Amino acid sequence: MKSLRAALLFAAATATAFAQPGHGQPPPGHGGIPPGQAKKMDGNIPPGQAKKMDWRFRGDEREHFRGYYENDARRWQNRRRPNFYAGYTIPRTYVVEAVPPAYYSGLQPPPPGYRYGYYEGYVVAYDPTTRVIADVVDLVGAFTGR
């Protein structure tokens, strides 16, 4: 009987230890994010993602991409399109066309882990896993002066 009672007490103590914070459970008050990282969060973006999003297209790249996508970008003038901007997450329903490496030969490469893509008159540098945009070139705006 004593060994049964001892076994039950041991099982209860073990279960309590695993239910406490720091024992496989997320820390309280941080939404499951470690406290050190929670302090560094920029909205819902982890610090590593925010650092990648500091990347920007340079001014001459708009004209460079315009040469490759001019006909298609003109087609999107005066039509409804989504508004893409840095930090925006591209919906999974949008099919982003990969920009061929030959189109950006001689330009700065996209940030590490990111790709160049094209969608409805926009060239975007985006993370293909999260679909978060680092920066955008609006080619339709190049024709309308915006």
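Residues numbered from 1 in each chain as written. Predicted model: local features only at pLDDT ≥ 70, side-chain atom pairs only at ≥ 80, totals over all residues. Heavy atoms only, no water.

**Let's talk about the overall build of the chain**
Moving on, step 1. Within the chain, the regular secondary structure consists of five helices and four strands.
Moving on, step 2. The linear arrangement of helices and strands in the chain, starting from the amino end, is α-α-α-α-β-β-β-β-α.
Moving on, step 3. Across the 146 residues in the chain, those meeting the buried criterion constitute 32%.
Moving on, step 4. Once local pairs closer than 6 in sequence are excluded, the contacts in the chain between residues at least 24 apart make up 61%.
Moving on, step 5. Of the accessible surface of the chain, which amounts to about 9400 Å², a share of 55% is contributed by carbon and sulfur atoms. (Helix = DSSP H or I, 4+ residues; strand = E, 2+ residues; numbered from the N terminus. Buried < 20%, exposed > 50% of the residue type's maximum accessible area, 1.4 Å probe, protein only. Contact = heavy atoms within 4.5 Å. Areas by Shrake-Rupley, 256 points an atom, 1.4 Å probe, with all protein chains shown as cover.)

**Some thoughts on helix α4 (residues 60-75)**
Moving on, step 1. For α4, built from 16 residues, the straight-helix expectation of 22 Å at 1.5 Å per residue is met to within 8% by its first-to-last C-alpha distance of 22 Å.
Moving on, step 2. Where α4 bends most, at Y69, the angle is about 80°.
Moving on, step 3. Listed in full, the buried residues belonging to α4 are E61, F65, R66, Y69 and A73. (Expected span 1.5 Å × (residues − 1). Bend = angle between axes of the 7 residues up to and from the residue.)

**Digging into unusual backbone geometry**
Moving on, step 1. Even without glycine at this site, E120 takes up a positive phi of about 45°.
Moving on, step 2. Mapped onto the elements of the fold, E120 is located in the loop between β2 (115-119) and β3 (122-126).
Moving on, step 3. With a relative accessible area of 16%, E120 lands in the buried category.
Moving on, step 4. For R131, which is not a glycine, the phi torsion comes out positive at approximately 65°.

**Things to note about the side chain of D127**
Moving on, step 1. For D127, the position within the fold is in the loop between β3 and β4 (133-138).
Moving on, step 2. Of the polar contacts made by the side chain of D127, one reaches the backbone nitrogen of T130; its length is 3.4 Å. (Polar contact = N/O pair within 3.5 Å; in protein donor to acceptor, adjacent residues only side chain to side chain.)

**Things to note about the sheet that holds β4**
Moving on, step 1. Across the sheet, four strands lie side by side as β1-β2-β3-β4; this open sheet has antiparallel pairing. Each of the sheet's edge strands pairs with one partner strand only, and the pair in question is β1 (97-98) and β4.
Moving on, step 2. Together, β1, β2, β3 and β4 form the strand contacts of α4, whose direction differs from that of β2 by roughly 35°. (Pairing = 2+ DSSP bridges. Axes fitted to C-alpha atoms, helices over the stretch in contact; angles between N-to-C directions.)

**With respect to the environment of P128**
Moving on, step 1. With respect to the element layout, P128 can be found in the loop between β3 and β4.
Moving on, step 2. Separated by 14 residues in the primary sequence, P128 and Y114 place their C-alpha atoms 6.5 Å from one another.
Moving on, step 3. Beyond its immediate stretch of four places on either side in the chain, P128 contacts R92, G113, Y114 and R115.

**Some remarks on the pairing of β3**
Moving on, step 1. Counting buried positions along β3 yields five of five residues, so the element is predominantly enclosed.
Moving on, step 2. In this sheet, β3 lies alongside β2 in antiparallel orientation, the contact comprising five bridges. Bridging across to β3, Y116 finds its partner in A125.
Moving on, step 3. Linking β2 back to β3 in an antiparallel pair, the connection comprises two residues, with E120 at a positive phi of about 45°.

**What to know about the pattern of salt bridges**
Moving on, step 1. Evaluation of the coordinates by the stated rule reveals five salt bridges.
Moving on, step 2. With its nearest N and O atoms 3.0 Å apart, the salt bridge here joins E70 to R74. Note that E70 and R74 are positioned in helix α4 at a spacing of four residues, about one turn of the helix.
Moving on, step 3. Assessed through its relative accessible area of 28%, E70 is described here as partly exposed.
Moving on, step 4. The residue R81 makes a salt bridge to D138 at a minimum N-O spacing of 2.8 Å. Of the two residues, R81 sits in the loop between α4 and β1 while D138 sits in strand β4, which places them 57 residues apart along the sequence.
Moving on, step 5. Note on R81: relative accessible area 17%, which makes it buried. (Salt bridge = Lys/Arg side-chain N within 4 Å of Asp/Glu carboxyl O.)

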